[in-house]
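For reference, the chains in residue letters:
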Amino acid sequence: MSFITAPRIHDGYNWLPAGTTLQLADDGTIVAIIDVAPEGTTHYEGVIAPAFVNVHCHLELSHMKGVVPEHTGLIPFLQLVPRHRNTFTEEDKTQARHAAAAAMWRSGIAAVGDIANTADTQDVRLAQPGMYFHTFVEALGFTPANAGRSFGFAQATWQAFAAQATGNEGRLRQSIVPHAPYSVSPALFGLIDQFQPTSIISIHNQECAAENEFYQQGTGGVCELLGSMGIDYSTFTPTGQPSLPSYLPWLSATHPLVLVHNTQSTAADVAFAHQHAPDVFWCLCPNANMYIENRLPDVGMLMEQGARICLGTDSLASNHQLCILSEMVTLHRHYPHIDWEVLLRWGTAHGAQALHLCDRVGSIKPGMKPGLVHISNIDATDKTPSVERLY
């Protein structure tokens, strides 16, 4: 049994009153939250908070760190990733994803929503027994006639992860999801929607202007992307609307929804999503957005519209590190009016809610074992905030 305290303790939602002390079991379980520091209490400077939740990551691309230059724009980025992702040895890939997962753990991440196109990351899920994984198995296929084959491949990958999770469903979970509106046909959306009617759906949403242009006019960079990959999009008919209101009706409202990136989303898009999907989170990956497009979402608009925001890192192909604190630092630098109380909520409790893990991680409550982090220099103007994992 131990006691710890700090000038500020964030419980995943709000700051706790000054003088709060946490009573912990040896394994990090929260025993009690008290207002007096007993003799022998360990005092930390800075902030104590629950461990972070990374809602959007691509661990299987960890070997591609630094391969794609910054600020290429999304369409060139999407052309370069498949061109280079398999030019590495299997040993290189394995070492990179294990190193990345271990670094995430050290940076205070307790749970991750990890995108998978293959079953490669099964080994990482076993190698990090203290971390919760929801693996989003992506289905890709824009040609309607190939929808069954595309879904069959995704389902086989999902089955590999599901078999691994047997007996460990609390820590390891998985669902089949669409990659993006420009890479999944309506027929494939339908198969995904019907497979598990209440599964969490994560989708790359409105990550670049070309995505909206494709749906509105049937022109632009997405046409170039699909053509360069030999994908037949001749049956596609523009809707005259942005991508989000075009594809969202293809998904049942029974699915919890995580919309990722959202750099081109407008207030009208947010209102449409909130009307269609009662359980929707808006996942921001600011460092990846800056890396690829040198642009951030309209965070102020999202907040004004009542969007529930959570945070992700994307991959090491589009980020220098997989660190949620770093994502918060970037947001605070560009939006200094957003209080750290709010940013920490996005990186902890909201992430746990988005992945339906809020009974396990993301907040400090008696009986929970969320993991704890110590954050230094959170208010310093001359130092970068840093994080130390406590439990």
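Above this note sits the structure.
Just so you know, these numbers come straight off a predicted model, no measurement behind them. (Residues numbered from 1 in each chain as written. Predicted model: local features only at pLDDT ≥ 70, side-chain atom pairs only at ≥ 80, totals over all residues. Heavy atoms only, no water.)

1. So, the packing of helix α1 (residues 74-84) against helix α7 (residues 221-228)
Okay, so step 1: Contact pair α1 / α7: the axes reach a minimum separation of 9 Å and the direction vectors enclose 15°. Classified by the angle between their axes, α1 and α7 sit roughly parallel to one another. The two elements α1 and α7 meet at a crossing, and its hand is right-handed. Facing Ile75, Leu78 and Gln79 of α1, the residues of α7 in contact are Gly221, Val222, Glu224, Leu225 and Ser228. (Axes fitted to C-alpha atoms, helices over the stretch in contact; angles between N-to-C directions. Helix = DSSP H or I, 4+ residues; strand = E, 2+ residues; numbered from the N terminus. Parallel < 35°, antiparallel > 145°, perpendicular 65-115°, else oblique. Left-handed = near helix turned anticlockwise from the far one by under 90°. Contact = heavy atoms within 4.5 Å.)

2. With respect to the pattern of salt bridges
Okay, so step 1: Per the stated rule, a full pass over the model turns up seven salt bridges.
Okay, so step 2: Note that aspartate 27 is salt-bridged to lysine 369, the shortest N-O span being 4.0 Å. One end of the pair, aspartate 27, is in the loop between β3 (21-24) and β4 (30-34); the other, lysine 369, is in the loop between α14 (349-354) and β15 (372-376), with 342 residues separating them in the sequence.
Okay, so step 3: Exposure remark for aspartate 27: the relative accessible area of 42% places this residue in the partly exposed category. (Salt bridge = Lys/Arg side-chain N within 4 Å of Asp/Glu carboxyl O. Buried < 20%, exposed > 50% of the residue type's maximum accessible area, 1.4 Å probe, protein only.)

3. A short note on α1
Okay, so step 1: Turning to α1, its buried residues number three or more, namely Leu74, Ile75, Phe77, Leu78, Gln79, Leu80 and Val81.
Okay, so step 2: Of the surrounding secondary structure, the elements contacted by the buried residues of α1 are α6 (209-217), α7 and α10 (286-292).

4. So, the pairing of β15
One face of the sheet, then the other: side chains in a regular strand alternate in exactly this way.
Okay, so step 1: Counting buried positions over the five residues of β15 gives four, a clear majority of the element.
Okay, so step 2: Bridging between strand β6 (residues 47-50) and β15 involves four bridges; their strand directions are antiparallel. Residue isoleucine 48 lies in a different strand from β15, and its bridge partner there is histidine 374.
Okay, so step 3: Here β15 pairs with strand β16 (residues 386-389) via four bridges, running antiparallel. Its bridge partner lying in β16, histidine 374 is registered against glutamate 388. (Pairing = 2+ DSSP bridges.)

5. Overview of the packing of helix α4 (residues 147-165) against helix α5 (residues 186-195)
Okay, so step 1: In contact at an axis separation of 9 Å, α4 and α5 are set at 35° when each is read in the N-to-C sense. Along this stretch, α4 crosses α5, giving a crossing that reads as right-handed. In this structure, α4 contributes Ala147, Gly148, Ser150, Phe151, Gln155 and Trp158 to the contact, and α5 contributes Ala187, Leu188, Leu191, Ile192 and Phe195.
Okay, so step 2: When its residues are assigned to classes, the contact of α4 with α5 shows eight nonpolar, three polar and no charged. (Nonpolar A, V, L, I, M, F, W, Y, C, P; charged D, E, K, R; others polar.)

6. Considerations on the sheet that holds strand β9 (residues 132-139)
Okay, so step 1: With respect to topology, four strands assemble into an open sheet ordered β7-β8-β9-β10, the strand pairing being parallel. The open sheet is flanked by β7 (52-57) and β10 (172-178), the only strands paired with a single partner. Sheet twist, expressed as the mean angle between neighbouring strand axes with direction ignored, is 15°.
Okay, so step 2: In terms of strand pairing, β9 meets β10 through seven bridges, oriented parallel. Within the sheet, the bridge partner assigned to glutamate 138 lies in β10 and is valine 177.
Okay, so step 3: On the sheet, helix α12 (residues 324-334) packs against β7 and β8 (109-116) and is oriented at approximately 85° with respect to β7.

7. Examining the environment of histidine 255
Okay, so step 1: Within the secondary structure layout, histidine 255 lies in the loop between α8 (243-247) and β12 (257-261).
Okay, so step 2: The exposure class of histidine 255 is buried, given its relative accessible area of 2%.
Okay, so step 3: Along the primary structure histidine 255 and isoleucine 200 are separated by 55 residues, whereas in three dimensions their C-alpha atoms are 5.7 Å apart.
Okay, so step 4: A polar atom in the side chain of histidine 255 sits 3.0 Å from the side chain of aspartate 193. (Polar contact = N/O pair within 3.5 Å; in protein donor to acceptor, adjacent residues only side chain to side chain.)

8. Some remarks on α12
Okay, so step 1: Across the eleven residues that make up α12, a large majority, eight, are buried.
Okay, so step 2: All of the buried residues along α12 are Ile324, Leu325, Ser326, Glu327, Met328, Val329, Thr330 and Leu331.

9. Regarding the packing of aromatic side chains
Okay, so step 1: Overall, the coordinates contain ten aromatic pairs when judged by the stated rule.
Okay, so step 2: The interplanar angle of 20° and the centroid separation of 5.8 Å between the aromatic rings of phenylalanine 189 and tyrosine 247 together place this pair among those described as stacked. Of this pair, phenylalanine 189 sits in helix α5 while tyrosine 247 sits in helix α8, placing them 58 residues apart in sequence. Each member of the pair, phenylalanine 189 together with tyrosine 247, is buried.
Okay, so step 3: Ring centres of phenylalanine 214 and phenylalanine 236 lie 4.1 Å apart, and the angle between their planes is 10°; on these two criteria the pair is classed as stacked. Linking phenylalanine 214 in helix α6 with phenylalanine 236 in the loop between α7 and α8, this pair joins segments that are 22 residues apart in sequence.
Okay, so step 4: On the accessibility criterion, phenylalanine 236 (18% relative accessible area) is buried.
Okay, so step 5: Every member of this aromatic cluster is reached through a ring pair, and the members are Phe142, Phe214, Tyr215, Tyr233 and Phe236. (Phe/Tyr/Trp six-rings, centres within 6.5 Å; stacked < 30°, edge-to-face > 60°.)

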